[in-house]
Amino acid sequence: MSATVIVGAQWGDEGKGKITDYLAEKADMVVRYQGGNNAGHTVVVKGHEYKLHLIPSGIFYPEKVCVIGNGVVLDLEVLDHELDYLLDQGVKTFNLKVSDRAHLLLPYHRRLDEVDEERKGKNRIGTTRRGIGPAYADKAARVGLRVCDLADPPSFREKLAAALAEKNRILERVYGQPGFEADEIAREAERVYARIRPFVTDTSLVINQAIDAGQKVLFEGAQGTLLDIDLGTYPYVTSSHPIAGGACIGAGVGPTRIDRVVGVMKSYTTRVGDGPFPTELSDDTGEWIRRRGAEYGTTTGRPRRCGWLDLVIVRYAVRTSGIGLLAVTRLDTLGGLDKVKVCTAYRRGNGTVTEFPASLDELAECEPIYEEVDGWPEDLDRLTSFEQLPQSARRYLSLVEDKTRTKIGLVSVGRERTQTLALTTTF
Ligand code: IMP
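Sorry if this is basic, but what is going on with the overall build of the chain here?
Looking only at helices and strands, the chain features twelve helices and 20 strands. Compactness check: the chain gives a C-alpha radius of gyration of 21 Å against a globular reference of 22 Å for 427 residues, within 12% of the reference. In terms of overall dimensions, the chain has a C-alpha envelope of 65 × 50 × 40 Å along the principal axes. Residue burial in the chain is summarised as follows: out of 427 residues, 58% are buried. The long-range share in the chain, meaning contacts at least 24 apart out of those at least 6 apart in sequence, stands at 75%. If you sum the accessible surface of the chain, you get close to 17600 Å²; carbon and sulfur atoms cover 47% of it. For the chain, the distance from the average position of its 56 positive side-chain charges to the average position of its 60 negative side-chain charges is 1 Å.

Put into structure tokens, the structure is as follows:
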């Protein structure tokens, strides 16, 4: 199996960073294909916690090539800081590759994201305010600037001036905000570009050559299925394609080159940002999960909304990404509860809904239909094999497999690499 896509099967924050790090041990290359520094991937190596926003989670293995693909929107300042952060911690970054086609996320994108959210008031999306939406909007409107533009500074400055003239008008006239100086933005972008120039390349070529050579490539999705701009809970979504198909576009590989899709799902559901959430627990149990799971955003520190596992969502993720294997994370977090609930369908009016609806109004009317299983003891974190899992936890996992018709390949019972139980020898 040479090319594997890792996708989030819920609303993001499923623990993809940990699973990517675990699978990266046997891979040669790890590729980010969408999103930007709205992502926050936490990886724990030998007790030390690292948080990454742009650089792929494979970076902790010095010999692996880590790629920021063309589908990522790249905030150069953040990349600069992330490189410093990793170097400070003694993590080597010379195996990084950055796509020459990736779009730049510039300071005015951040500002526009902030003022747009403010303007929307109670109708806000609840974005990370990192400028992701405005950067992708410019890409689609064909006024974006790309990494390759920085190879020719005079031409870069010309394109920037044209883009900025429009942005400054919007900022000043619509929002009453100060505009930006093109020279300041260009100088900073040129400075970081000079630093990353050795990494900049046609990454689609690099990835395809690696696959041709029989190397193992992991595509690391950011965010999750329900945040996909086409298939997610629109408009409460991000502006890219976290689903597996996004890997083809965002990395420049054909669908025929992908061998396998692994869906990462938490054993409960969380969401940051606004929008309907059928299994949300606005009670003590929700608060208990949030505290025990330390469910606060890696990027923004916002408390995550918590609720029971929703298998309507996971089934939808399996369908839309062609997930062949599931990785279940945070099984340890639910340890200690008497009973654990799993939503297997929704009730809406007199009917039963088994497929995730498009309309958010419909979703808001959906009441979860739960199956209840016995809980398991608190201390799963010391287990070293699947066979050691208590019967009740195994029944929980069987229910997931039955209702999603998808095999579970990995179960995570803690934050460390070693706290991962493999159920299949294909990894
Ligand atoms: P944006 O990606 O910053 O535009 O935010 C759009 C929506 O996606 C908001 O609901 C965010 O909270 C959510 N979002 C973006 N990135 C992540 C992530 O990495 N994990 C979870 N939610 C995210």
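Once you've had a look at it, read on.
What am I meant to see in the site of the ligand here?
Taken together, 16 residues are adjacent to the ligand, and Asp13, Asn38, Thr128, Thr238 and Arg302 come closest. For the ligand, a nitrogen atom lies 3.0 Å from a polar atom in the side chain of Asp13. Within the side chain of Thr128, a nitrogen or oxygen atom sits 2.5 Å from an oxygen atom of the ligand. Protein chains bury 97% of the 470 Å² of accessible surface belonging to the ligand in isolation. By residue class, the composition of the shell around the ligand is six nonpolar, eight polar and two charged.

Got a minute to help me understand the nonpolar core in this structure?
Soluble globular proteins: nonpolar side chains tend toward being buried together. If you look at the biggest cluster of nonpolar residues, it comprises 56 residues, and the most contacted ones within it are Val5, Met29, Ile207, Phe219, Leu331, Leu389 and Tyr396. Ranked by residues supplied to this core, first place goes to helix H12 (residues 391-404) with five residues. Leaving out residues up to four positions away in the same chain, Tyr396 has contacts with Ser267, Leu309, Leu331, Leu334, Val340, Val342, Val373 and Trp376. Residues Ala24, Val45, Leu171 and Ile185 belong to the second largest nonpolar core, which totals 55 residues.

Would you explain the packing of helix H2 (residues 76-88) against helix H6 (residues 182-196) in this entry?
For any two helices packed against each other, one specifies the crossing angle of their axes together with the interaxial distance. At a minimum axis separation of 9 Å, H2 and H6 run at an interaxial angle of 45 degrees. Relative to H6, the element H2 lies oblique. Considering only the axes of H2 and H6, their crossing is left-handed. Each of Leu76, Glu77, Leu79, Asp80, Leu83, Asp84 and Leu87 in H2 lies in contact with H6, whose residues at this interface are Glu188, Ala189, Arg191, Val192, Arg195 and Ile196. By residue class, the composition of the contact of H2 with H6 is seven nonpolar, no polar and six charged.

Is there a simple way to think about the pairing of strand S16 (residues 339-348) in this case?
For a regular strand, the rule is simple: side chains alternate between the two faces of the sheet. Note: strand S14 (residues 309-310) against S16, two bridges, orientation parallel. Within the sheet, the bridge partner assigned to Leu309 lies in S16 and is Val342. Looking at chain direction, S16 and strand S18 (residues 367-374) are connected through eight bridges and run antiparallel. Looking at the pairing, Cys343 lines up with Tyr370 of S18.

Just checking my understanding: could you explain the pattern of salt bridges for this structure?
When charged atoms on two side chains of opposite charge get close, those side chains can pair. In the structure shown here, the tally under the stated rule is 35 salt bridges. The salt bridge partner of Asp84 is Arg195, with a shortest N-O separation of 2.9 Å. A residue pair is termed long-range when its members are at least 10 positions apart, and Asp84 in helix H2 and Arg195 in helix H6 qualify at 111 residues. With a relative accessible area of 32%, Asp84 lands in the partly exposed category. The exposure class assigned to Arg195 is partly exposed, which follows from its relative accessible area of 28%. The shortest N-O distance in the salt bridge between Glu401 and Lys407 comes to 3.9 Å. Overall, the relative accessible area of 55% leaves Lys407 in the exposed class. Salt bridges linked by common partners bring Asp80, Asp84, Glu188, Arg191 and Arg195 together as one network.

Rules used in this analysis
Residues numbered from 1 in each chain as written. Predicted model: local features only at pLDDT ≥ 70, side-chain atom pairs only at ≥ 80, totals over all residues. Heavy atoms only, no water. Helix = DSSP H or I, 4+ residues; strand = E, 2+ residues; numbered from the N terminus. Rg over C-alpha atoms; globule rule 2.2 N^0.38 Å. Buried < 20%, exposed > 50% of the residue type's maximum accessible area, 1.4 Å probe, protein only. Contact = heavy atoms within 4.5 Å. Areas by Shrake-Rupley, 256 points an atom, 1.4 Å probe, with all protein chains shown as cover. Lys, Arg positive; Asp, Glu negative; His and termini not counted. Charge placed at Lys NZ, Arg CZ, Asp CG, Glu CD. Near = heavy atom within 4 Å. Polar contact = N/O pair within 3.5 Å; in protein donor to acceptor, adjacent residues only side chain to side chain. Nonpolar A, V, L, I, M, F, W, Y, C, P; charged D, E, K, R; others polar. Core = buried A, V, L, I, M, F, W, Y, C linked by side-chain atoms within 4.5 Å. Axes fitted to C-alpha atoms, helices over the stretch in contact; angles between N-to-C directions. Parallel < 35°, antiparallel > 145°, perpendicular 65-115°, else oblique. Left-handed = near helix turned anticlockwise from the far one by under 90°. Pairing = 2+ DSSP bridges. Salt bridge = Lys/Arg side-chain N within 4 Å of Asp/Glu carboxyl O.

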